[in-house]
Amino acid sequence: MAVRCPAICDEAVIRQLVSKSHSGLAEKFERYLLESYIEDNKMVKWCPSVPHCGNAIRTEDDEFCEVECSCGLQFCFSCLSEAHSPCSCLMWELWSKKCQKESETVTWISDNTKACPRCHKPVEKNGGCNLVRCICGQYFCWLCGGATGRDHTWTTISGHSCGCYKEDISKNPERAKRDLYRYMHYLNRYKAHNDSFKLESELRETIQEKIETLENKYSNLRNFDWVKNGLSRLFRSRRALTYSYPFAFYMFGDCLFKGEMKREELKRKQLLFEDQQQQLEGNVERLSKFIEEPFDEFPEEQVMETRMQILNLCVITDNLCKKMYECIEYDLLGSLKYGTQCIAPYNSNGIEKAAELFIGCNAEASTGARHKSDNGQIDGEVV
């Protein structure tokens, strides 16, 4: 430009001048312009899909949220990894690395040994009987790991009892071993619910077939949205439950928040959290049971009864998820001295989908951005 030229060379002028002789260069300019905008704005990020879908997400409220791109990928907007609330981004990063680092060792120990309930040493079974004797002399049940007596029959074992994981420092002086079994406790439950989530995701086609059968069988029952809503609620509750175990592993462990709270206070809050977690777990399993039942073969009266059970459990699991998130946000993370851990808030309607929005002076341009509209729905555009 000439010195003191009053003309303004904006984006539209650049596009017009460049496109006359270099159409490819004009497209390259627009691409760089968009990439520069996204890289300089922390509230706009590329979708981390592989292969890259070309979409960008923009949020106006908070970077700690979970979104679903129009390509179908659900991810955490803050760290761009898979949606992982109620885990914080740091917790999920540490958990992912720990699982990768110790996966082979933990897998072999989990598949081939059980911890002795007395000395906590790993025991490998070398016979067919499920009554196992450790080298320390303790007998225990191979199926549940509970301490038992020696006498047994084909159906019962004396002194047999089952119990959930309990940490007892006085009986387990080897810290590394105790930490390993604590990790395995949370890992096994995380994997179990994650596997259930994957299996339940396969119910979509089956559920649609059941709905079609019910529509043909009972024409007077017009609305079967309760089936789809029940399945969606099951997915959301199962996801929250799955990621609550990595959260509990770090929240109540010694590595991340050591010294933040007194041991008595931490133990009290752990009991409160685990009580809510177990209530959610029980109702999620009940909801899963009703969803998987062949209710398309039921008589009309039993179908209506199943409908009421599913509707009630949807309300119960939603409320329990809300309470668990509130406990995490206010009682646990909110009580820390340094508020560095944040999680995506709970949304009863699930992870919001990004909608497409085209912008720019050229209507044919394939660029755009995503924004959160006034009604709270995440909108977006394809790049």
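Residues numbered from 1 in each chain as written. Predicted model: local features only at pLDDT ≥ 70, side-chain atom pairs only at ≥ 80, totals over all residues. Heavy atoms only, no water.

Peer 1: Is there a simple way to explain the side chain of Arg182 in this structure?
Peer 2: Checked against the element boundaries, Arg182 lands in helix H4 (residues 175-201). Look at Arg182 and you get buried, because its relative accessible area is 11%. From its side chain, Arg182 meets the backbone oxygen of Phe249 in a polar contact 2.9 Å long. (Helix = DSSP H or I, 4+ residues; strand = E, 2+ residues; numbered from the N terminus. Buried < 20%, exposed > 50% of the residue type's maximum accessible area, 1.4 Å probe, protein only. Polar contact = N/O pair within 3.5 Å; in protein donor to acceptor, adjacent residues only side chain to side chain.)

Peer 1: Hey, could you run me through the packing of aromatic side chains in this one?
Peer 2: For any pair of aromatic rings, the description consists of the separation of the ring centres together with the inter-plane angle of the planes. The tally for this structure, following the rule as stated, stands at 17 aromatic pairs. Between the aromatic rings of Trp92 and Tyr243, the centroid separation amounts to 5.2 Å while the plane-to-plane angle is 75°, which identifies the pairing as edge-to-face. On the criterion of sequence distance, the pair formed by Trp92 in helix H3 (residues 89-112) and Tyr243 in helix H6 (residues 225-251) is long-range, its members being 151 residues apart. As far as the burial class goes, Trp92 and Tyr243 line up, both buried. For the pair Phe247 and Phe273, a centre-to-centre distance of 5.5 Å together with 55° between the ring planes defines the contact as tilted. Separated by 26 residues along the polypeptide, Phe247 in helix H6 and Phe273 in helix H7 (residues 263-292) bring together distant segments of the chain. Assigned by exposure class, Phe247 and Phe273 land together as buried. What links up through ring pairs into an aromatic cluster is the set Trp92, Trp95, Tyr183, Tyr186, Tyr190, Tyr243, Tyr245, Phe249 and Tyr250. Here the basic side chain of Lys289 rests over the ring of Phe290, its NZ or CZ set 4.7 Å away from the ring centre. (Phe/Tyr/Trp six-rings, centres within 6.5 Å; stacked < 30°, edge-to-face > 60°. Lys NZ or Arg CZ within 6 Å of the ring centre and 35° of its normal.)

Peer 1: What's the story with the nonpolar core in this structure? I'm lost.
Peer 2: One broad rule of soluble globular proteins: the nonpolar side chains tend to lie buried together. By size, the foremost hydrophobic cluster in this structure holds 57 residues, and its most contacted members are Trp95, Phe247, Met251, Phe273 and Leu333. The set of elements that each furnish at least two residues to this core consists of H3, H4, helix H5 (203-217), H6, H7 and helix H8 (300-332). If one sorts the elements of this core by residue count, H6 sits on top with 14 residues. When sequence neighbours within four positions are dropped, the list of residues in contact with Phe247 reads Pro86, Cys87, Met91, Phe273, Ile328, Leu332 and Leu333. (Core = buried A, V, L, I, M, F, W, Y, C linked by side-chain atoms within 4.5 Å. Contact = heavy atoms within 4.5 Å.)

Peer 1: What is the right way to read the environment of His84 from this model?
Peer 2: Structurally, His84 is set in the loop between strand E4 (74-76) and H3. According to the relative accessible area criterion, His84 is buried, its value standing at 2%. Placed 156 residues apart in sequence, His84 and Ala240 show a C-alpha to C-alpha distance of 8.1 Å.

Peer 1: Teacher, can you tell me more about the confidence of the model for the protein chain here?
Peer 2: Interpreting fine coordinate detail is not advised for predicted regions of low pLDDT. Within the protein chain, residue pLDDT values average 79, and 81% of them lie at 70 or more. The low-confidence segment residues 161-166 (pLDDT under 50) makes eight contacts with residues lying over four places distant or belonging to another chain. The low-confidence segment residues 359-383, where pLDDT is below 50, has 83 contacts with residues more than four positions distant or belonging to other chains. (pLDDT = per-residue confidence, 0-100.)

Peer 1: I would appreciate a short explanation of empty space enclosed by the protein in the present structure.
Peer 2: The method is simple in principle: a probe with the dimensions of a water molecule rolls over the atoms, and the space it marks as empty is what remains. Enumeration according to the criterion identifies one cavity of 30 Å³ or more in this entry. If you add up the space inside the largest cavity, you get close to 40 Å³. Lining the largest cavity are Phe64, Cys65, Glu66, Cys76, Ser78, His84, Ser85, Cys87, Cys89, Cys342, Ile343 and Ala344. Residues that form the lining of the largest cavity fall into these classes: eight nonpolar, three polar and one charged. (1 Å grid on protein atoms, 1.4 Å probe; cavity = no way out; pocket = protein on both sides within 12 Å on 5 of 7 lines; lining within 4 Å. Points joined across faces, edges and corners; volume = space filled by probe spheres on them. Nonpolar A, V, L, I, M, F, W, Y, C, P; charged D, E, K, R; others polar.)

Peer 1: What is the right way to read unusual backbone geometry from this model?
Peer 2: As a rule of thumb, non-glycine residues mostly have phi less than zero, and peptide bonds are mostly trans rather than cis. The peptide bond linking Val50 to Pro51 adopts the cis configuration, its omega dihedral lying at -5°. In this structure, Pro51 sits in the loop between strand E1 (44-46) and strand E2 (55-58). Here Ser85 and Pro86 are connected by a cis peptide whose omega angle stands at 15°. By the element assignment, Pro86 lies in the loop between E4 and H3. The backbone of Arg4 sits at a positive phi, close to 60°, despite the residue not being glycine. Along the chain, Arg4 falls in the segment before helix H1 (11-21). Phi at Leu80 is positive, roughly 65°, even though this residue is not glycine. By secondary structure assignment, the location of Leu80 is in the loop between E4 and H3.

Peer 1: Please explain the packing of H1 against helix H2 (residues 23-40) as it appears in this structure.
Peer 2: Two packed helices can be described by the angle between their axes and the distance between those axes. Following both chains from N to C, one finds H1 and H2 inclined at 150°, their axes separated by 6 Å at the closest point. Considering their axes alone, H1 and H2 lie roughly antiparallel with respect to each other. Every residue of H2 that contacts H1 at Glu11, Ile14, Arg15, Val18, Ser19 and Ser21 is listed here: Ser23, Leu25, Ala26, Phe29, Glu30 and Leu33. Here the residues of the contact of H1 with H2 are counted per class, giving six nonpolar, three polar and three charged. (Axes fitted to C-alpha atoms, helices over the stretch in contact; angles between N-to-C directions. Parallel < 35°, antiparallel > 145°, perpendicular 65-115°, else oblique.)

Peer 1: I keep staring at the pattern of salt bridges and nothing clicks. Help me out?
Peer 2: When the charged atoms of two side chains lie near each other, side chains of opposite charge can form a pair. Within this structure, the stated rule accounts for eight salt bridges. Between Lys97 and Glu93 there is a salt bridge, with the nearest N and O atoms lying 3.1 Å from each other. In this pair, Lys97 and Glu93 both sit in helix H3, four residues apart, roughly one turn of the helix. You can call Glu93 partly exposed: its relative accessible area is 40%. Measuring nitrogen to oxygen at the nearest pair gives 3.7 Å for the salt bridge that ties Asp318 to Lys322. Residue Asp318 and its partner Lys322 are located together in helix H8, separated by four residues, close to a single helical turn. In this structure Asp318 comes out as buried when scored by relative accessible area, which is 11%. (Salt bridge = Lys/Arg side-chain N within 4 Å of Asp/Glu carboxyl O.)

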